[in-house]
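Below, each chain spelled out in residue letters.
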Amino acid sequence: MVTIVAMLVPILAAAALEDWLIARTFMYYALFSAILLYIYGVALGGNSAERTSGAALLEAASVYIAVPIIAAAPVVDLYPNLGWRIVIFDMISAFTTTGTSRLANIGPVSDVIHLWRAMMAWLGGYYFLLIAFSVLGPLRINGCDAREDGSYTLTESYYAAAYDASRRTILRRFNKTVLPAYVTTTLVLFLGILISGEDVTPAIVLSMSTLSTSGIVLVEHAPGFVAEVLIAVFLCLALSRFILASQGAKRLREGFVGNPEIRIAFGLVFIVTIFLFSRHYAGAINQDSVDDFGTAISALWGSFFTSLSFLTTSGFVSEYWAGAQEWSDLETSELILMALAICGGGVATTAGGVKLLRVYTLTQHGLRELNKLSSPSSVPRSDGVRGMRRRSVMNSWVVVMLFGFSIGLFTLIFTLTGHQFEDALLLTVAGLSTTGPLLTEAASGRDLVTPLSNFELTVLEVAMIAGRLEALAVLALFNPILWQNRIGREKRNFA
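The structure presented is a predicted model; accordingly, all values stated were derived computationally and were not measured.

## Some thoughts on the overall build of the protein chain
Then step 1. Helix and strand counts for the protein chain come out as 23 helices and zero strands.
Then step 2. The buried share of the protein chain, reckoned over its 495 residues, is 53%.
Then step 3. Sequence separation of 24 or more characterises 72% of the internal contacts of the protein chain that already satisfy a separation of 6 or more.
Then step 4. On the protein chain, roughly 22000 Å² of surface is accessible, and the fraction owed to carbon and sulfur atoms is 65%.

## Here's the deal with the nonpolar core
Then step 1. Counting residues in each nonpolar core, the largest one holds 125 residues, and the members touching the most others are F26, L57, W116, M120 and L438.
Then step 2. At 19 residues, helix α7 (residues 111–136) tops the list of elements feeding residues into this core.
Then step 3. Setting aside chain neighbours within four positions, we find F26 in contact with M7, P10, I11, P74, V75, L78, I113 and W116.

## Regarding the packing of aromatic side chains
Then step 1. Following the criterion strictly, the structure yields 10 aromatic pairs and no others.
Then step 2. The interplanar angle of 35 degrees and the centroid separation of 5.8 Å between the aromatic rings of W301 and F304 together place this pair among those described as tilted. Taken together, the positions of W301 and F304, both in helix α15 (residues 293–311) and three residues apart, correspond to about one turn of that helix.
Then step 3. For W301, a relative accessible area of 17% translates into the label buried.
Then step 4. One aromatic cluster is present, built from ring pairs that chain together F225, W301, F304, F305 and Y320.
Then step 5. The cationic tip of R468 hangs over the ring face of F128; the distance from NZ or CZ to the ring centre is 3.9 Å.

## Considerations on unusual backbone geometry
Then step 1. Of note in the backbone geometry, E18 takes a positive phi value of approximately 60 degrees without being a glycine.
Then step 2. Inspection of the secondary structure assignment puts E18 in the loop between α2 (8–16) and α3 (20–43).
Then step 3. Positioned with a positive phi, K355 is a non-glycine residue whose angle comes to about 95 degrees.
Then step 4. Considering the arrangement of structural elements, one finds K355 in the loop between α17 (334–343) and α18 (356–374).

## Description of the packing of helix α20 (residues 421–432) against helix α22 (residues 454–469)
Then step 1. One way to put it is that α20 packs onto α22 with a least axis distance of 7 Å and a crossing angle of 40 degrees. In terms of axis orientation, α20 runs oblique to α22. Contacts between α20 and α22 involve L427, G431 and L432 from the first element and L460, A463, M464 and G467 from the second.
Then step 2. Partitioning the contact of α20 with α22 into residue classes produces five nonpolar, two polar and no charged.

## Considering the confidence of the model for the protein chain
Then step 1. Put simply, the protein chain has an average pLDDT of 81, and 81% of its residues get 70 or more.
Then step 2. Segment residues 148–164 is flagged for pLDDT under 50; beyond a separation of four residues in sequence, or across chains, it makes 53 contacts in the model.
Then step 3. Contacts from residues 487–495, a stretch scored under 50 in pLDDT, to residues over four places away or in other chains number 34 contacts.

## Concerning the pattern of salt bridges
Any two side chains of opposite charge can pair if their charged atoms end up close together.
Then step 1. For the structure on display, the rule yields five salt bridges.
Then step 2. Put simply, E470 and K355 hold a salt bridge, and the shortest N to O gap is 3.5 Å. Remark: K355 occurs in the loop between α17 and α18 and E470 occurs in the loop between α22 and α23 (471–476); sequence separation between them is 115 residues.
Then step 3. Its relative accessible area of 2% is what places K355 among the buried residues.
Then step 4. Close ionic contact of K372 with E369 constitutes a salt bridge, the shortest N to O distance being 3.9 Å. One end of the pair, K372, and the other, E369, are both in helix α18, three residues apart, so they sit about a helical turn from each other.
Then step 5. Exposure remark for E369: the relative accessible area of 34% places this residue in the partly exposed category.
Then step 6. One network of salt bridges, in which partners are shared, links K355, R358 and E470.

## Quick look at the side chain of H419
Then step 1. On the secondary structure map, H419 appears in the loop between α19 (386–416) and α20.
Then step 2. Of the residues examined, H419 reaches a relative accessible area of 18% and is grouped as buried.
Then step 3. Here E456 takes part through its side chain, which lies 3.2 Å from a polar atom of the side chain of H419.
Then step 4. Setting aside its immediate chain neighbours within four residues, H419 contacts F414, A424, L427, L452 and E456.

## Topic: the side chain of E456
Then step 1. Topologically, E456 is positioned in helix α22.
Then step 2. The charged side chain of E456 is buried without a salt bridge, its nearest counter-charge being R102 at 7.9 Å.
Then step 3. If near-sequence neighbours (up to four positions away) are discounted, E456 is found in contact with F414, T417, H419 and P451.

## What about the environment of Y360?
Then step 1. Within the secondary structure, Y360 is located in helix α18.
Then step 2. A sequence separation of 96 residues divides Y360 from I264, and the C-alpha atoms of the two residues are 7.0 Å apart.

## Considerations on a nonpolar patch on the surface
Then step 1. A surface patch of nonpolar side chains, amounting to about 820 Å² of accessible area, comprises M1, V2, V5, L8, L12, L37, Y40 and L44.
Then step 2. Tracing the backbone through its elements, the reader meets L44 in the loop between α3 and α4 (53–78).
Then step 3. Of the residues examined, L44 reaches a relative accessible area of 36% and is grouped as partly exposed.

## A short note on the packing of α2 against α3
Then step 1. At a minimum axis distance of 8 Å, the contact between α2 and α3 shows a crossing angle of 160 degrees. For the element pair α2 / α3, the angle class is roughly antiparallel. Of the two possible hands of crossing, α2 and α3 adopt the one that is left-handed. Of the residues in α3, those in contact with P10, I11, A14 and A15 of α2 are W20, I22, A23, F26 and M27.
Then step 2. In the contact of α2 with α3, the residues fall into nine nonpolar, no polar and no charged.

About the cut-offs
- Residues numbered from 1 in each chain as written.
- Predicted model: local features only at pLDDT ≥ 70, side-chain atom pairs only at ≥ 80, totals over all residues.
- Heavy atoms only, no water.
- Helix = DSSP H or I, 4+ residues; strand = E, 2+ residues; numbered from the N terminus.
- Buried < 20%, exposed > 50% of the residue type's maximum accessible area, 1.4 Å probe, protein only.
- Contact = heavy atoms within 4.5 Å.
- Areas by Shrake-Rupley, 256 points an atom, 1.4 Å probe, with all protein chains shown as cover.
- Core = buried A, V, L, I, M, F, W, Y, C linked by side-chain atoms within 4.5 Å.
- Phe/Tyr/Trp six-rings, centres within 6.5 Å; stacked < 30°, edge-to-face > 60°.
- Lys NZ or Arg CZ within 6 Å of the ring centre and 35° of its normal.
- Axes fitted to C-alpha atoms, helices over the stretch in contact; angles between N-to-C directions.
- Parallel < 35°, antiparallel > 145°, perpendicular 65-115°, else oblique.
- Nonpolar A, V, L, I, M, F, W, Y, C, P; charged D, E, K, R; others polar.
- pLDDT = per-residue confidence, 0-100.
- Salt bridge = Lys/Arg side-chain N within 4 Å of Asp/Glu carboxyl O.
- Polar contact = N/O pair within 3.5 Å; in protein donor to acceptor, adjacent residues only side chain to side chain.
- Lys, Arg positive; Asp, Glu negative; His and termini not counted.
- Patch = residues over 30% accessible without salt bridge, like charges linked within 9 Å, V, L, I, M, F, W, Y side chains within 5 Å.
- Left-handed = near helix turned anticlockwise from the far one by under 90°.

This is how it looks when you write it as structure tokens:
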């Protein structure tokens, strides 16, 4: 239903551009899909039984296949030479907030279609927030239980309340609190980018791509410096879900400073920025261009913005990024961008990757183990959450190991299909971390998406969906206990 209503956006955009063919096509498919949805709703109208947790999780995963098919139908009708396979791949990529595309590489399409892709990514970002709260959260497989103390994360009372409430109650509560903030934040960013001098369509695409961390931009369009600053500010929302959850300036300021996700995120961005700038500066010395102060500042900002963007798995590239490489005549290693994308953003945000809170949890656990090696008789601090810390470390370690295993598995599949190891690794990391622009920026000008066969596209689609839901959620579908428990009926510990 939401996808059908969202078709009003390309309809209005095409009408504003007086492209009546696109407007009519989206309107017809919206009406046709609404009729099918009404028939489906009537057929299931009498089924009010609460579904099992396994059925809810399977339903959440199946949406990543059903919605892209509905979204692809009008595009295929408008561009029949593209075919269903290519358009569905682009829609799955958008809905999983990956952002990679084959449409731009095959032939020119209307900006309305790219606006539709950005709209699907925006809806996909909110949809993941929805299932992270209503499905993955109660099952404790979305990382929200990973914590150092109880000051900023969900507690046991949250999980108990989630099981006591029905799914409909949980969804109503979430939409009431998060949906207004999600829409308002997008509108504020859109107005800011519009005031900075961008046109309406690029401003809409950039604002929706930023909040969904999809990295979708119009073809051959780069935002200006002011727009990049605004995007960087709003990308901080993908570093921790606590920012949107905070109420009041004082609590927001305290949480921003004391949140481990924020601290480790800016620590990583600062280290990578200084490293890249130092590397470019050393190269500029050899090129006798080190006295160009303006280029040096541009290189510093380009390194910071691009590092923050890839850490949040958005993949925006600063317009000064290429200038920094020309300044020093040095290319940036793709391993740095891949490492940032693998770390990912905050838990229960639109960002992908392993997630910063898990990285922080494992780092703290490693420091505690090193302290035990140096001082075996020391007694660690105990503040009442020691059991939670132990479980958080275990869950974080399991997710990291599954992520590493998934990288090895998909890389092996791509290499067996004929790809070089470097290209196979790039395809795998881009899919599992939902960072599609990684295929463009880290591939050094090579087009890795267009030559993919149908089988390779399917493998990449599976990687994108598995990376969006996380491998632990996929494996949870095979847990028999999950198919016996009903949310709102029975409390079980799935940790």
